[in-house]
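Given next are the chains, with one letter for each unit.
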Amino acid sequence: MSKKFRKDFRLTGQRFRETRSSIEEAKELERKFEWYIDSAKFGDFTSFEKNSKPEETNKEILFKDFYEDIWLNEYKNGRTAKASNKVPTQITVKQTKNIFKCKILPAFGDYSISYLNDNKQLVVKILNEIAEPYANIKTIKSYFNQIFDLAEFEEIIEVNKIEKSLRRVTDVRKQEIISKKNRVNQALTASELRSWLQAFETELDNKSLIFMDYLLFQLTLKTGIRKSEAYAFQWKHVNFKKEDYLFRTKLS
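A quick note: this is a predicted structure, and the numbers were derived from the prediction, not measured.

(A) Layout of the overall build of the protein chain. Counting its regular elements, the protein chain contains 13 helices and zero strands. The order of α-helices and β-strands along the protein chain, N terminus first, is α-α-α-α-α-α-α-α-α-α-α-α-α. Burial status across the protein chain gives 27% buried among its 252 residues. Here the contacts in the protein chain between residues at least 6 apart in sequence split such that 54% fall between residues at least 24 apart. For the protein chain, the exposed surface amounts to about 18,800 Å²; the carbon and sulfur share of it is 52%.

(B) Here's a closer look at the packing of helix 11 (residues 190–205) against helix 12 (residues 211–223). Between helix 11 and helix 12, whose axes approach to 10 Å, the crossing angle comes to 155 degrees. With respect to helix 12, the element helix 11 is oriented roughly antiparallel. The hand of the helix 11/helix 12 crossing is left-handed. Listed contacts from helix 12 to Trp-196, Leu-197, Phe-200, Glu-201 and Leu-204 of helix 11 are Phe-211, Tyr-214, Phe-217, Gln-218 and Leu-221. Of the residues contributing to the contact of helix 11 with helix 12, the split by class is eight nonpolar, one polar and one charged.

(C) Inspection of the packing of helix 5 (residues 63–76) against helix 9 (residues 137–153) at higher detail. Where helix 5 contacts helix 9, the axes come no closer than 10 Å and their chain directions differ by 90 degrees. The angle between the axes of helix 5 and helix 9 places the two elements in the roughly perpendicular class. Seen from helix 5, the contacting residues are Phe-63, Phe-66, Tyr-67, Ile-70, Trp-71, Glu-74 and Tyr-75; seen from helix 9, they are Tyr-143, Phe-144, Gln-146, Ile-147, Phe-148, Leu-150 and Ala-151. Looking at the contact of helix 5 with helix 9 residue by residue, the class counts come to 12 nonpolar, one polar and one charged.

(D) Local environment of the side chain of Ser-165. Counting through the fold element by element, Ser-165 comes out in the loop between helix 9 and helix 10 (172–183). A relative accessible area of 12% places Ser-165 in the buried class.

(E) The pattern of salt bridges, seen in detail. Throughout the structure, instances matching the rule amount to four salt bridges. We note a salt bridge from Glu-74 to Arg-79, for which the minimum N-O separation is 3.0 Å. Using a relative accessible area of 47% as the deciding quantity, one classes Arg-79 as partly exposed. Among the ionic pairs, Lys-125 bridges to Glu-129, the shortest N-O distance being 2.7 Å. With a gap of four residues between them, Lys-125 and Glu-129 both fall in helix 8 (residues 120–131), about one helical turn apart. Taking relative accessible area as the criterion, Lys-125 reaches 49% and is therefore assigned partly exposed.

(F) Representation of the packing of aromatic side chains. The final tally for this structure, using the stated rule, is 17 aromatic pairs. Arranged with centres 5.0 Å apart and planes meeting at 40 degrees, the rings of Trp-71 and Phe-100 form a pair that is tilted. Of the two residues, Trp-71 is situated in helix 5 and Phe-100 in helix 6 (residues 90–108); the sequence distance between them amounts to 29 residues. Overall, Trp-71 belongs to the buried group, its relative accessible area being 0%. For Phe-100, a relative accessible area of 0% corresponds to the buried category. An aromatic cluster is built from Tyr-67, Trp-71, Tyr-75, Phe-100 and Tyr-143, whose rings are joined through pairwise contacts.

(G) The arrangement of the side chain of Thr-96 in detail. Within the secondary structure layout, Thr-96 lies in helix 6. The contact partners of Thr-96, leaving out residues within four places of it in the chain, are Trp-71, Tyr-75 and Tyr-143.

(H) Looking closely at helix 9. Along its 17 residues, helix 9 runs 24 Å from first to last C-alpha, staying within 8% of the 24 Å computed at 1.5 Å per residue. In terms of burial, helix 9 is a largely internal element, 12 of the 17 residues being buried. Turning to helix 9, its buried residues are Ile-137, Ile-140, Lys-141, Tyr-143, Phe-144, Asn-145, Gln-146, Ile-147, Phe-148, Asp-149, Leu-150 and Ala-151. Buried residues along helix 9 sit in contact with helix 5, helix 6, helix 7 (113–118) and helix 8. Positive backbone phi, approximately 65 degrees, marks Glu-155, located one or two places after helix 9.

(I) Focus on the nonpolar core. Counting residues in each nonpolar core, the largest one holds 35 residues, and the members touching the most others are Phe-63, Trp-71, Phe-108 and Ile-113. Listed by contribution, the elements that provide at least two residues to this core are helix 5, helix 6, helix 7, helix 8 and helix 9. At eight residues, helix 9 tops the list of elements feeding residues into this core. Not counting chain neighbours up to four residues away, the residues in contact with Ile-113 comprise Ile-61, Leu-62, Phe-63, Phe-66, Ile-147, Phe-148, Ala-151, Ile-156 and Ile-157.

Rules and cut-offs
- Residues numbered from 1 in each chain as written.
- Predicted model: local features only at pLDDT ≥ 70, side-chain atom pairs only at ≥ 80, totals over all residues.
- Heavy atoms only, no water.
- Helix = DSSP H or I, 4+ residues; strand = E, 2+ residues; numbered from the N terminus.
- Buried < 20%, exposed > 50% of the residue type's maximum accessible area, 1.4 Å probe, protein only.
- Contact = heavy atoms within 4.5 Å.
- Areas by Shrake-Rupley, 256 points an atom, 1.4 Å probe, with all protein chains shown as cover.
- Axes fitted to C-alpha atoms, helices over the stretch in contact; angles between N-to-C directions.
- Parallel < 35°, antiparallel > 145°, perpendicular 65-115°, else oblique.
- Left-handed = near helix turned anticlockwise from the far one by under 90°.
- Nonpolar A, V, L, I, M, F, W, Y, C, P; charged D, E, K, R; others polar.
- Salt bridge = Lys/Arg side-chain N within 4 Å of Asp/Glu carboxyl O.
- Phe/Tyr/Trp six-rings, centres within 6.5 Å; stacked < 30°, edge-to-face > 60°.
- Expected span 1.5 Å × (residues − 1).
- Core = buried A, V, L, I, M, F, W, Y, C linked by side-chain atoms within 4.5 Å.

Here it is in structure tokens:
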């Protein structure tokens, strides 16, 4: 901002200085202030005055309000995860909402976003308490960090101070479960295996198990492949010309 401009508009306060995490965000801010300047040249200071105090109104927004009013909609449209822009399925959204309802919001909902961001020790303490009985703390940490990344983007906080602190939250319960599994013989007896297989047949007949899940079960059981590999299969990958329905060696 030139000296002449500051003099013409009687601006005597501290110069505006701000940083952004990407060129796109910086250019967006630049365009925003160019618009303010153009408006001011014609005597319109209203838009600048309305937008010059966003931090005062947004700074005390509660965690639960930010989640419900801002984050959840962005999450449903696949715009919160850094690694992927994939839109979550309805089932995934339902599971995520349950995690927030049962685990995250009861612990953090009534705190403001800015307060939590400035009190990392409190966040780490509460998350470690949740991790003691709850094995899937990694998912909670991911959602929690997404909340504060978006809060930073929305300029409710200057910077996400929570991200590095989340490394101090350990998956205590998960490690206990893994250790216990390693100590206990996990193999089924012949009788248990027969009962297990019969249960799938019964649930299919009772329609409490959909055919798609039954097919996935039979596919992994008969071939020994991983679930992640089975998820990639499509009907075109099956050779129906052979009586034993062998999979093609090369997936098309």
